[in-house]
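Take a look at the letters that make up each chain.
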Amino acid sequence: MTAAPALAGAAPAAPAAGAALRVVVVNGSPNRQSKTMGLVDAVLSTLTEMVPFEASRVDVYRLGPGFTGAVERDDVTPEVEQALKRAEQADLLIAATPVFRGSYPGMFKHFFDLIDQYALANKLVLLAATGGGEHHALVLEHALRPLFGFFQAMTVPVALFASSGDFDGTMLLNPRVHGRIQVALTDVADLLGARAGNARTAGA
Amino acid sequence: MAFEIGIMTFGEITRDPVTGDLPSPRQRVRETIEQARVADQAGLDVFGVGEHHRGDFVGSAPTILLAAAAAVTEQIRLTSSVTVLSSEDPVRVWEQFATIDLLSAGRAEIIAGRGSYTESFPLFGYDLADYADLFREKLDLLLKVREQSPLTWRGHFRAPLTDADIAPRANGTTIPVWVAVGGSPASAISTGRLGLPMALALLLGPITSHEQTVELYRAAAEKAGHDASALPVSINVHGYVGRTSQQARETMYPYFAQGMMENNHQRGAGFPLSRLAFDAQASPGSGLLIGSPQEVIDKLLTYHELYGINRAIIQMGFGGMPQKEHLEAIERLGTDVAPVVRREVAARAGVAA
C-alpha cells in the first residue's frame, strides 16, 4: 500500500477554482491508529472550514521493501515513486510525526532523503509532532524545521505539538492545542490566498 | 456541598525501613479495617481502598475490604480509590458496590479510574492498546447499570445485555460514581463532558499544578450543559498529620521515601528521595499535605481556594507507615483538622452566598 485514500474530513475539490488545493500528509507514525494522525485529523477538519482542498496521505511505515531497501531515488518501486511525487507536488505538505528517541523516526527521514533536493523549495510545509510529554515539544524547532530549512521550504511559522495527555485515545481534546491549530491554519490560509492571488495576476 | 475529608490506603506491604520488619498480608488486612474504624470514630467523611494487583499491596480486591469495613463503621462513606474500571466487568462492579451499599445502609461509592498501575490488564485478559476505549465503554455501561434494570446494552468489549436483571439495586436512590483523573487535560475534559464528579490525584509538585486541569474540567462541563459549579471536585494527595511540624516530617519521611523508591522509577529502577527534596514537597507552595494540624488546615484551605474543591482524601500510610503512627494521624485529621476546615469552608460559602 503506498498511500491512504482521501481522508475523512477532507472537502471535495473546489467547484469554481479549477484544480483543488492538494494537501499531502507525510505520516511518520508506525501505528495504524495514532495520536499523530489524531492531531492531523483535527488539522484537516479545521482546514475544511477555511479552504476547499483534497487531502491524501503517505504512511512511510507502510511503503514496504521497495522503500526501505532503496538507497537512492532510482531504486524505488513505481508505487513509492508515485508517493514521493505526490509529496513533491503538494500545495501544502503536512509533515507529521511522533517523537522517537528524541527526534523523528528514521523511516520518516528516509522518505525525505529520497525527495529531490529542490522539489520542496518555497513549498508551504506545516510541521506537526506528538510526544509522550511536553518536554518533547521543541523537536519541532530543533529537528523538523532544520530538515525543511535544508529544502528551502516555507515552513508555517506556528508548528503544532500535542502530548499523550491531550488525547482520549486518538481524539485530540485539549482546547489549547485546537486553538493553536486555528492560529497556524489562519496563517496557512493567508499564505495560500496570497499565492492564489499572485497566480491569478500572473495568468491575467 | 459540605466539605468532606477522608483517608485512603493501598494496603501497602512494605518492609519497615526503620525496624526492618515486613508485615504479613493477614496483619495488613486487619490493620486496614482498623484504619476504617478509627477514621469513622474520629468523624472523618470518607474511607477509600485502592486497587493494586501486586504482592506488595493487599488491596487487589478493594470491595471485599470495603465490605468488611462496612461491618465495623457507622457513618463514614466507603469508596474505592480507585476501581480500575478498564479491566473490570461493570456489571460485576455494580453488583459488588450495591451489596456494600446495602451492608452499609447507603455508604458505598465508586471512584472509577483508568489505572496508573496497569498490572490488571494482562491479569484479566485486556490489551493495553485499548486503554482509552476500554475505559470509555466500561464507564458508559456502569452508568447505564446504575440508571436502570432491566437493561439492554450493546458494546464492543463484552457480550450485549438484553433485558438483563441486574441486582441488587442501591440502598437509596443511587451510588455516587466519581472519575479519577491524574491530571491529563484529555481525562479532565472527558470527565467534565459527562458531568461526573472528578477525583484529582496530586502526587508531588507545586500545589498549583492542577489549575489548568480543573479549569478544563469545568469549561468542558459547562459546554456540555452541566452546572459546573454544582459538580464536586476532590483532591487525593499524600500526607501526614503530626503533633508538630517537625514530628510530622520526621515520621513520614523514611516511609514516604521507601514508597517512592518502590513505586517511582527512573531508568527502570527506584531512586532515593532526598530529605531536601522531601522538605521542599512539604513547603507551603507544594502539594504534600503534611505538618502540624494547623499546617494541614492551612494547606487544605489553600487547596479549597485554588480549585474550589469539596473534598480531600489523604493517603497517610504510603511506604508502610506503622499502624500506631498511622492511627494517630487519622485521629488528628478527624479531631483537630477536619472540624476547623469544614467550619472555615462553610464560612467562605456563607460569605460568597
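Preceding this paragraph is the structure being described.
Throughout what follows, the structure given in this document is the object of discussion. (Residues numbered from 1 in each chain as written. Chains lettered and ligands numbered in written order. Predicted model: local features only at pLDDT ≥ 70, side-chain atom pairs only at ≥ 80, totals over all residues. Heavy atoms only, no water.)

1. A word on the overall build of chain B
Logical step 1: Along its length, chain B carries 11 helices and 14 strands.
Logical step 2: Taken over C-alpha atoms, the radius of gyration comes to 20 Å for chain B, in line with the 20 Å a tight globule of 353 residues would show.
Logical step 3: Counting only C-alpha atoms, chain B reaches 60 × 50 × 45 Å along its principal axes.
Logical step 4: Restricting to contacts in chain B with at least 6 residues of sequence separation, those with at least 24 account for 72%.
Logical step 5: With the model as given, the accessible surface of chain B reaches about 14500 Å², and the carbon-plus-sulfur share is 53%.
Logical step 6: Computing the positive centroid from 31 side-chain charges and the negative centroid from 40, chain B places the two 0 Å apart. (Helix = DSSP H or I, 4+ residues; strand = E, 2+ residues; numbered from the N terminus. Rg over C-alpha atoms; globule rule 2.2 N^0.38 Å. Contact = heavy atoms within 4.5 Å. Areas by Shrake-Rupley, 256 points an atom, 1.4 Å probe, with all protein chains shown as cover. Lys, Arg positive; Asp, Glu negative; His and termini not counted. Charge placed at Lys NZ, Arg CZ, Asp CG, Glu CD.)

2. Here's the deal with the overall build of chain A
Logical step 1: Check the secondary structure of chain A and you find six helices and eight strands.
Logical step 2: Counting from the amino terminus, helix and strand elements in chain A follow one another as β-α-β-α-α-β-α-β-α-β-β-β-β-α.
Logical step 3: Taking 17 Å as the expected radius of gyration for a compact globule of 204 residues, we find that chain A reaches 16 Å, a close match to that expectation.
Logical step 4: Burial analysis of chain A (204 residues in total) assigns 51% to the buried set.
Logical step 5: Pairs at least 24 apart in sequence give 80% of the contacts found in chain A among residues at least 6 apart.
Logical step 6: Approximately 9300 Å² of chain A is accessible, and the part contributed by carbon and sulfur atoms is 55%. (Buried < 20%, exposed > 50% of the residue type's maximum accessible area, 1.4 Å probe, protein only.)

3. Some words on unusual backbone geometry
Logical step 1: Val82(B) follows Ser81(B) through a cis peptide bond whose omega is 15°.
Logical step 2: Note on placement: Val82(B) falls in the loop between β3 (77-80) and β4 (83-84).
Logical step 3: Here the amide bond leading from Ala167(B) into Pro168(B) is cis, since omega sits at 0°, within 30 degrees of zero.
Logical step 4: Among the structural elements, Pro168(B) can be located in the loop between β7 (161-164) and β8 (177-181).
Logical step 5: At Asn122(A), a residue that is not glycine, the phi angle is positive and equals roughly 60°.
Logical step 6: Summarising the element assignment, Asn122(A) is placed in the loop between α4 (106-114) and β4 (124-131).
Logical step 7: Owing to a relative accessible area of 44%, Asn122(A) belongs among the partly exposed residues under this scheme.

4. Considering helix α5 (residues 131-147) of chain B
Logical step 1: The end-to-end C-alpha distance of α5(B) is 25 Å, a good match for the 24 Å that 17 residues give at a rise of 1.5 Å each.
Logical step 2: Residues of α5(B) that are buried include every one of Ala132(B), Leu134(B), Phe135(B), Glu137(B), Lys138(B), Leu139(B), Leu141(B), Leu142(B), Leu143(B) and Val145(B), and no others. (Expected span 1.5 Å × (residues − 1).)

5. Some thoughts on the packing of aromatic side chains
Logical step 1: Considering all chains together, one arrives at 15 aromatic pairs over all chains under this definition.
Logical step 2: Following the ring pairs from residue to residue traces out a cluster consisting of Phe67(A), Tyr104(A), Phe108(A), Phe111(A), Phe112(A), Phe148(A), Phe150(A) and Phe151(A). (Phe/Tyr/Trp six-rings, centres within 6.5 Å; stacked < 30°, edge-to-face > 60°.)

6. A few points about the interface of chain A and chain B
Logical step 1: Taken together, the nine residues of chain A in the interface contact 11 residues of chain B.
Logical step 2: Buried surface at the junction of chain A and chain B, both sides included, amounts to about 830 Å², of which 56% is carbon and sulfur.
Logical step 3: Broken down residue by residue, the surface that chain A buries against chain B is led by Asp168(A), Leu173(A) and Arg176(A), which jointly contribute 56%.
Logical step 4: Inspection of the region where chain A meets chain B yields two salt bridges.
Logical step 5: For the salt bridge of Arg176(A) with Glu215(B), the shortest nitrogen-to-oxygen distance reads 3.3 Å. (Buried area = accessible area lost by both parts, 1.4 Å probe. Salt bridge = Lys/Arg side-chain N within 4 Å of Asp/Glu carboxyl O.)

7. Some thoughts on the pattern of salt bridges
Logical step 1: If you walk through the whole model with that rule in mind, you get 27 salt bridges over all chains.
Logical step 2: Asp113(A) is paired through a salt bridge with Lys109(A); the nearest N and O atoms lie 2.7 Å apart. Taken together, the residues Asp113(A) and Lys109(A), both in helix α4 and four residues apart, mark about one turn of the helix.
Logical step 3: Relative accessible area serves as the criterion here: at 27%, Lys109(A) is assigned to the partly exposed category.
Logical step 4: The shortest N-O distance in the salt bridge between Arg158(B) and Asp89(B) comes to 3.2 Å.

8. Quick look at the side chain of His238(B)
Logical step 1: Relative to the assigned elements, His238(B) resides in strand β10 (residues 233-241).
Logical step 2: Each residue touching His238(B), except ones within four places of it in the same chain, is listed here: Leu202(B), Leu203(B), Met252(B), Phe256(B), Leu288(B), Leu289(B), Ile314(B), Gln315(B) and Phe318(B).

9. Considerations on the environment of Thr83(B)
All names here are of chain B.
Logical step 1: Positionally, threonine 83 belongs in strand β4.
Logical step 2: Overall, threonine 83 belongs to the buried group, its relative accessible area being 4%.
Logical step 3: Distance in space between the C-alpha atoms of threonine 83 and glycine 50 is 7.1 Å, their sequence separation being 33 residues.
Logical step 4: If near-sequence neighbours (up to four positions away) are discounted, threonine 83 is found in contact with Glu51, Glu88, Val93, Phe97, Ile110, Ile111, Ala112 and Gly113.

10. Regarding the side chain of Ser34(A)
Residue and element names in this part refer to chain A.
Logical step 1: Here serine 34 is to be found in the loop between β1 (21-27) and α1 (35-48).
Logical step 2: In this structure serine 34 comes out as buried when scored by relative accessible area, which is 6%.
Logical step 3: In this structure the side chain of serine 34 is engaged in a polar contact, spanning 3.0 Å, whose partner is the backbone nitrogen of methionine 37.
Logical step 4: Apart from the residues within four sequence positions on either side, serine 34 is in contact with Ser29 and Thr170. (Polar contact = N/O pair within 3.5 Å; in protein donor to acceptor, adjacent residues only side chain to side chain.)

11. Describing the packing of helix α8 (residues 245-263) of chain B against helix α9 (residues 275-282) of chain B
Residues and elements named next belong to chain B.
Logical step 1: At a minimum axis distance of 11 Å, the contact between α8 and α9 shows a crossing angle of 125°. With respect to each other, α8 and α9 are oriented oblique. Note on packing geometry: the crossing formed by α8 with α9 is right-handed. For the pair formed by α8 and α9, the contact residues are Gln246, Arg249, Glu250, Met252, Tyr253 and Phe256 on the first element and Arg275, Phe278, Asp279 and Ala282 on the second.
Logical step 2: Residues of the contact of α8 with α9, tallied by class, amount to five nonpolar, one polar and four charged. (Axes fitted to C-alpha atoms, helices over the stretch in contact; angles between N-to-C directions. Parallel < 35°, antiparallel > 145°, perpendicular 65-115°, else oblique. Left-handed = near helix turned anticlockwise from the far one by under 90°. Nonpolar A, V, L, I, M, F, W, Y, C, P; charged D, E, K, R; others polar.)

12. Quick look at the environment of Thr130(A)
Residues and elements named next belong to chain A.
Logical step 1: Within the secondary structure, threonine 130 is located in strand β4.
Logical step 2: Taking the C-alpha atoms as reference points, threonine 130 and aspartate 166, separated by 36 residues in sequence, lie 9.7 Å from one another.
Logical step 3: Here threonine 130 is in contact with Lys35, Thr36, Leu39, Thr97, Pro98, Val99, Phe161, Ala162 and Phe167, once residues within four sequence places are set aside.

13. What about the packing of helix α2 (residues 62-72) of chain B against helix α3 (residues 90-103) of chain B?
All names here are of chain B.
Logical step 1: Across the interface, α2 lies against α3 with an axial gap of 9 Å and an inter-helix angle of 10°. Viewed along their axes, α2 and α3 adopt a mutual orientation that is roughly parallel. Here Thr63, Leu66, Ala67 and Ala70 of α2 lie close against α3, whose contacting residues are Gln96, Phe97, Ile100 and Leu103.
Logical step 2: For the contact of α2 with α3, the class distribution of residues is six nonpolar, two polar and no charged.

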